[in-house]
Amino acid sequence: MYDGQWVPARIAEGTGTMMTWAEAMACGAGGGLIAEAVVTFGRLRSWQQARHAQRAVAGDLPPIGVFIDPPADGLAALFRVLLGGMAGWLLHTEVTGVYAAAAVGASAPALLAQLGRSTTADGALHSAPGGQDPGASPALPEQSLPPVSEEATP
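Quick look at the structure, then. Positions within a chain are numbered from 1, following the residues in the order the chain's sequence is written. At least 70 in pLDDT is required for a residue's local features to be given in this predicted model, at least 80 for side-chain atom pairs to be given and counted, and no such filter applies to totals for whole chains, interfaces and linings, which use all residues. Hydrogen atoms and water are omitted, and side-chain values are computed over all heavy atoms in the structure.

A closer look at the packing of helix α4 (residues 98-106) against helix α5 (residues 108-117)
No. 1: Axis separation between α4 and α5 bottoms out at 5 Å; the angle between their running directions is 75°. As far as their axial angle goes, α5 and α4 are roughly perpendicular. On α5, the residues that touch V104, G105 and A106 of α4 are A108, P109 and L111.
No. 2: Among the residues making up the contact of α4 with α5, the classes are represented as 5 nonpolar, 1 polar and no charged. Only C-alpha atoms enter the line fits that serve as axes; for helices the fit covers just the stretch in contact. Angles between N-to-C directions range over 0 to 180 degrees. Runs of H or I in DSSP of at least four residues are treated as helices and runs of E of at least two as strands, each being numbered from the N terminus. Roughly parallel means an angle under 35 degrees; roughly antiparallel means over 145; roughly perpendicular covers 65 to 115; every other angle is labelled oblique. Only heavy atoms enter the contact rule, under which two residues are in contact if any of them lie within 4.5 Å. The residue classification treats Ala, Val, Leu, Ile, Met, Phe, Trp, Tyr, Cys and Pro as nonpolar and Asp, Glu, Lys and Arg as charged. All others, Gly included, are polar.

As structure tokens, then:
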């Protein structure tokens, strides 16, 4: 039950390690927002480099709209924040701090896709990226067999 203290204070006092669902959800959403800020920075950096390259040859400067599409990017950012919050809520009993909840939120699209591909909870917890069991031996490629002649068939 929530005791009114923020998670780091509870952990430092040794009174709890699990985040409430609201704290984990807020931190997960924040992690999603941070991840989207990094993506947006990459687009702005590409725009900046393109402008510098065009200035060097005295060409036309590219508009920012070539690199950022506000409606599409805004909607993607909104969904990344919502997915981050959902992942924080879903895993609130597993995360033990703000950093962990923000990391869950930042990785929410990949994390939730992995959970969605799993057929069981055990498979979700123990599968490697790509949906394969890390303890299983890798699948062997099928060997090509020579064609069977008609004489050999019954």
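Topic: a nonpolar patch on the surface
No. 1: Residues forming no salt bridge and having over 30% relative accessible area are the ones grouped into patches, like charges within 9 Å of each other and nonpolar side chains (Val, Leu, Ile, Met, Phe, Trp, Tyr) within 5 Å. Here, Shrake-Rupley sampling with a 1.4 Å probe gives the accessible areas, and only protein chains in the shown set may cover a residue. Salt bridges, as used here, are contacts in which a Lys or Arg side-chain nitrogen is within 4 Å of a carboxyl oxygen on Asp or Glu. Together, W21, M25, M86, W89 and L90 line one region of the surface with nonpolar side chains, adding up to about 510 Å² of accessible area.
No. 2: Broken down by secondary-structure element, the contributors of at least two residues to the nonpolar patch are α2 (21-56) and α3 (70-90).
No. 3: Checked against the element boundaries, M86 lands in helix α3.
No. 4: Throughout this description, buried means an accessible area under 20% of the type-specific maximum (1.4 Å probe, protein chains only), exposed means over 50%, and partly exposed covers the range between. Taking relative accessible area as the criterion, M86 reaches 41% and is therefore assigned partly exposed.

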